[in-house]
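# Residue-level structure breakdown
Each chain, written out:
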Amino acid sequence: MMTKTEDRLISHATTEINVQDLIYEITERIKKEGDKPYATIERQIAILKDLTQFSLGLFLLQNKGLNGFWTHFLLTYNPTNKNEKSYINSTEQFMLERAPVALATRQRYGFFLKENQLAVGSHKNLACIPSGMMGELLYLDFKDAVDIKLFGIDLDPDTLKDAKGLAEERKLSHLIELICGDAWQLTFENEFDLISSNGLTIYEPNNEKVRDLYAIFFKALKPGGKLVTSFLTYPPNFPDKCEWNLEKMNRDDLMLQKVIFVDIIGAKWQCFRTTEETKVQLESVGFQKIEFTNDDYKQFPTVVAEKPSSLKI
């Protein structure tokens, strides 16, 4: 049975799902919706079968989102260390090597690491909210830092266990403090020099709730502290809001990505915002010096926002 804490998870499920019933349900839906201009019924069912044959695909079918483990796996996956024979099928290879959203996510992760490293220093408190496996902090260089603390806050107890395991692997267990909690219910005030946050707003459709989250982060940061976060921009089916760099994208890959993540899986991370909307949300709660860094596709921008060192009353 789902606990009250687990029931608030917005990225993935925690209860067992009957795989055969799920496959039947999705297959029937595909048949009912019929051929699409870019994918026949037969093609979609073949991809569905592919997804059931490897762990990541099956997890996504069951959860429609990613937990800390699979997020970390995608972020740190290095295709150059693999060969084609190591993949279960071509769908798995596509998702790990060519899917535009996966490539943008990895590039975004690199921007986070670079920005978060700038916050490392003595007598600092750095936080990952949600924690995930805390790779955004645990892969940083702390050799010159004295009295630094790394906080990981997440609703998923399993993710916190995985974060603890990665900290042990990185020999950084002495630096971390893990807290099982809801980001929207945090009560920290002037506590952190940095909050690194990825993986919440892309699952939350309510703009007011996203603004509330930014307000909680603002309160939790020390004066002069920074928020490093990200958001998903609108895809081409929102022509008035789309910011994607379509010239750099392979159109066939875009269509296949849509078939997999939208038509078949029905991924939960379909909560989009424009750069301007995000800027307004952050400014409205008090953030200043807001800077955006785009991935090559302009799908998953990184945002750095600062809490002013002195607040006017």
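Residues numbered from 1 in each chain as written. Predicted model: local features only at pLDDT ≥ 70, side-chain atom pairs only at ≥ 80, totals over all residues. Heavy atoms only, no water.

## Things to note about the side chain of Glu306
This is how the line gets drawn: Numbering of helices and strands runs from the N terminus; a helix is a DSSP stretch of H or I covering at least four residues, while a strand is a stretch of E covering at least two. Only protein chains enter the accessibility calculation, which uses a 1.4 Å probe; a residue whose area is less than 20% of its type maximum is buried, one above 50% is exposed, and one in between is partly exposed. The criterion used for residue contact is that any of the two residues' heavy atoms lie within 4.5 Å.
Take Glu306: it is sitting in strand S7 (residues 302-306). Judged by its relative accessible area of 14%, Glu306 is buried. Apart from residues no more than four positions distant in its own chain, Glu306 is found in contact with Gly224, Gly225, Lys226, Gly286, Phe287, Gln288 and Lys289.

## Description of the pattern of salt bridges
Worth spelling out the cut-off: Salt bridge, as applied in this entry: a Lys or Arg side-chain nitrogen positioned within 4 Å of an Asp or Glu carboxyl oxygen.
As enumerated under the stated definition, the model contains 12 salt bridges in all. For Lys222, the salt bridge identified is with Asp193, shortest N-O distance 3.1 Å. Placement of the pair is Lys222 in strand S5 (residues 221-230) and Asp193 in strand S4 (residues 192-197), with a sequence separation of 29 residues. Across the pair Lys258 and Asp263 runs a salt bridge whose closest N-O atoms are separated by 3.4 Å. For Asp263, a relative accessible area of 8% corresponds to the buried category.

## Considering the sheet that holds strand S3 (residues 176-180)
To keep it simple, the criterion reads: We treat two strands as partners when DSSP finds at least two bridges between them. Interaxial angles span 0 to 180 degrees and are taken between N-to-C directions of axes, which are lines fitted to C-alpha atoms, for helices over the stretch in contact.
Taken in spatial order, the 7 strands make up an open sheet running S3-S2-S1-S4-S5-S7-S6, and their pairing is mixed. Of all the strands in the sheet, just S3 and strand S6 (288-293) have a single pairing partner and so form its edges. Between one strand axis and the next, the sheet turns through 15° on average, direction left out of account. With 3 bridges connecting them, strand S1 (residues 125-128) and S4 associate as parallel partners. Each residue of the ladder has a partner; that of Cys128, found in S4, is Ser196. Across the sheet, helix H10 (residues 207-220) touches S4 and S5, and the angle it forms with S5 is around 145°.

## Things to note about the nonpolar core
Rule in force here: Nine residue types can take part in a nonpolar core, namely buried Ala, Val, Leu, Ile, Met, Phe, Trp, Tyr and Cys, and a core is a set of them joined through side-chain atoms within 4.5 Å.
Core analysis: the largest hydrophobic core is formed by 39 residues, its most contacted members being Leu51, Leu56, Met95, Ile260, Phe261, Ile264 and Trp269. Elements supplying a minimum of two residues to this core: helix H2 (19-33), helix H3 (41-51), helix H4 (55-63), helix H5 (68-76), helix H6 (90-97), helix H7 (100-118) and helix H11 (251-264). Listed in part, the 26 residues of the second largest apolar core include Ile129, Ile195, Val285 and Phe287.

## Looking at the confidence of the model for the protein
The cut-off we apply is this: pLDDT is a per-residue confidence score from the predictor, ranging from 0 to 100.
Here the protein averages 92 in pLDDT, while 93% of its residues score no lower than 70. Below pLDDT 50 for its whole length, residues 1-7 participates in 7 contacts with residues either more than four positions away or in separate chains. Segment residues 9-14 is flagged for pLDDT under 50; beyond a separation of four residues in sequence, or across chains, it makes 24 contacts in the model.

## Structural notes on the pairing of S4
Stated precisely, the cut-off is as follows: Note on handedness: a crossover is taken as right-handed if, strands pointing away from the viewer, the path from the first strand over the helix to the second is clockwise.
Summarising burial for S4: 6 of the 6 residues are buried, a large majority. Relative to S5, S4 runs parallel, the two sharing 5 bridges. From the neighbouring strand, Ile195 faces S5, where its bridge partner is Leu227. In the classification by handedness, the crossover that spans S4, the intervening H10 and the parallel S5 is right-handed.

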